[in-house]
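# Close look at the chain arrangement
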Amino acid sequence: MKCTYNFSAGPAVLPKSVMLRAQSEMLDWHGSGMSVMEMSHRGKHYMSIIEKVESDFRSLFNVPKNYKVLFLQGGAIAQNSMVPLNLLNGKKANYVVSGYWSKRSYQDALPFGDMTIAASSEAIGYAKAPDPKDWKIDSSAAYVHFCSNETIHGVEYFDMPSIKTIPVVADMSSHILSRPVDISQFGVIYAGAQKNIGPAGLTILIVRDDLLDVASPLTPSVFNWKTQVENQSMINTPTTYSIYMAGLVFEWLIELGGLEVIEKQNIKKAELLYGYIDSTDFYSNPIDIKNRSRMNVPFRIQNEDLHTSFVTGAENLGMIGLKGHRLVGGIRASVYNAMPIEGIQALVDYMKDFEKSH
């Protein structure tokens, strides 16, 4: 089998052992005679799967008992509308803009009510994340929303906000499960699965119990968090196979030793890649060091005309997905949990060779 390192931002690389296990269970899950894709979501086999998936996720991410876990559809982008529908309740909301996705969340929320920007780094090209100490929080607001890791601009929050006056809502799509998080600091956390959790199609949402009773009466039932809680995320057919795959990833992380272990691995990978970028003038990364994402590493070549040939050369060597997002260009290496350090070393070796030859 050809060795390929997938640096795509999402859908992204999955652990090889997880893929092999899914392959072995594809036609006959645990002697049931069925593929998971064929199972009724209300049958005993699938119910045992989803119950274990939730239990493992709670254990892995240390989810407190007073929080509900939902397995939803529509991607994280759907929550841009679901958050105000479920939380606004006639109030205003605050948004922090630290990159493309948090700005998109703010823009998508505008039709639902009075949305204000609590802080923004757009004027400096999102080179660093607005410090939580500088956020202009309205104590009468329904919530403050931020994105804790921006995939396009490569900006990550490591010092999470500690706000007691209003609920904090976090889009953690691109770094969830890459390190431990104190969930008690948040009212709501949500994340699309296609980066660190599993295949696209699934969104996981964690919501504190006391926030389940303020949804707008106009909220469709499939988008109402309380209704979904009451129906175990099954008001309609859930993304059964994506949930199953997520469960295999959770088991992989648990067997690895949990989030403390994977964080150490992610730090090592990030240090290797950023270390080489910083060692030469040939490549550059524009993000403030304290906000450099461990998951998404954008960088540029001093001679910008070389970006295309860099990406093409990498693809020829089995390193795919390195083209920067269309909005910003350049190069981007997404190095999620499942990316082995051997992939980072291969990329750094190629970067060295490319620099020597150009």
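All values reported here derive from a predicted model rather than from experimental measurement.

### Regarding the packing of helix 2 (residues 44-61) against helix 6 (residues 240-256)
Angle between the axes and distance between the axes: these two values describe a pair of packed helices. Two numbers describe how helix 2 lies on helix 6: the axes approach to 9 Å, and their chain directions differ by 40°. Here helix 6 runs oblique to helix 2, going by the angle between their axes. The two elements helix 2 and helix 6 cross, and the hand of that crossing is left-handed. Residue-level contacts link Tyr46, Ile49, Ile50, Lys52, Val53, Asp56, Phe57 and Leu60 of helix 2 to Thr240, Ile243, Tyr244, Gly247, Phe250, Glu251, Leu253 and Ile254 of helix 6. Class assignment for the residues of the contact of helix 2 with helix 6 results in 11 nonpolar, 2 polar and 3 charged.

### Brief notes about the UniProt feature "domain: Aminotransferase class V" (unreviewed entry) in the protein
As recorded in UniProt, the feature "domain: Aminotransferase class V" (unreviewed entry) lies at residues 4-347. From the first C-alpha to the last, residues 4-347 spans 11 Å; its make-up is 32% helix and 16% strand.

### Examining unusual backbone geometry
Pro11 follows Gly10 through a cis peptide bond whose omega is -5°. Phi is positive for Leu177, close to 70°, though the residue is something other than glycine. Mapped onto the elements, Leu177 comes out in the loop between strand 8 (168-171) and strand 9 (188-192). Although it is not a glycine, Ser233 adopts a positive phi angle of roughly 65°. Position of Ser233 relative to the elements: it lies in the loop between helix 5 (225-230) and helix 6.

### Observations concerning the nonpolar core
It is characteristic of soluble globular proteins that their nonpolar side chains tend to be buried jointly. Judged by nonpolar contacts, the single largest core of 59 residues is most densely connected at Phe57, Phe61 and Leu177. Broken down by element, this core gets its largest block of residues, 10 residues, from helix 6.

### Regarding the pattern of salt bridges
If you walk through the whole model with that rule in mind, you get 16 salt bridges. The salt bridge partner of Asp131 is Lys133, with a shortest N-O separation of 3.0 Å. Judged by relative accessible area, Asp131 falls into the partly exposed class, the value being 22%. Relative accessible area serves as the criterion here: at 71%, Lys133 is assigned to the exposed category. Of the charged contacts, one joins Arg300 and Glu304 as a salt bridge, the two residues approaching to 2.9 Å between their closest N and O atoms.

### A word on the pairing of strand 3 (residues 93-97)
Counted residue by residue, strand 3 has 5 buried out of 5 residues, so it is predominantly covered. Of the two faces of strand 3, the one lined by Ala93, Tyr95 and Val97 and the one lined by Asn94 and Val96 are each fully buried. Strand direction decides the pairing type here: strand 3 and strand 4 (residues 115-120), joined by 5 bridges, are parallel. Within the sheet, the bridge partner assigned to Asn94 lies in strand 4 and is Thr116. Chirality of the crossover, the property in question, places the unit of strand 3, helix 4 (residues 100-109) and strand 4 among those that are right-handed. Across 2 bridges, the pairing between strand 3 and strand 5 (residues 144-147) is parallel. Looking at strand 5, one finds that Asn94 is bridged to Val144.

### Thoughts on the UniProt feature "binding site: L-glutamate" (unreviewed entry) in the protein
In this numbering, the UniProt entry assigns the feature "binding site: L-glutamate" (unreviewed entry) to Arg42. By the element assignment, Arg42 lies in the loop between helix 1 (16-24) and helix 2. Discounting residues that sit within four places of it in the chain, Arg42 has contacts with Met47 and Met234.

### Quick look at the environment of Ala141
Of note, Ala141 is situated in the loop between strand 4 and strand 5. Taking C-alpha positions, Ala141 is 9.4 Å from Asp114, a pair spaced 27 residues apart along the chain. When sequence neighbours within four positions are dropped, the list of residues in contact with Ala141 reads Lys91, Lys92, Ala93, Asn94 and Ile166.

The rules behind each value
- Residues numbered from 1 in each chain as written.
- Predicted model: local features only at pLDDT ≥ 70, side-chain atom pairs only at ≥ 80, totals over all residues.
- Heavy atoms only, no water.
- Axes fitted to C-alpha atoms, helices over the stretch in contact; angles between N-to-C directions.
- Helix = DSSP H or I, 4+ residues; strand = E, 2+ residues; numbered from the N terminus.
- Parallel < 35°, antiparallel > 145°, perpendicular 65-115°, else oblique.
- Left-handed = near helix turned anticlockwise from the far one by under 90°.
- Contact = heavy atoms within 4.5 Å.
- Nonpolar A, V, L, I, M, F, W, Y, C, P; charged D, E, K, R; others polar.
- UniProt positions renumbered as here; feature names shortened; annotations may be inferred.
- Core = buried A, V, L, I, M, F, W, Y, C linked by side-chain atoms within 4.5 Å.
- Buried < 20%, exposed > 50% of the residue type's maximum accessible area, 1.4 Å probe, protein only.
- Salt bridge = Lys/Arg side-chain N within 4 Å of Asp/Glu carboxyl O.
- Pairing = 2+ DSSP bridges.
- Right-handed = clockwise from strand over helix to strand, strands pointing away.

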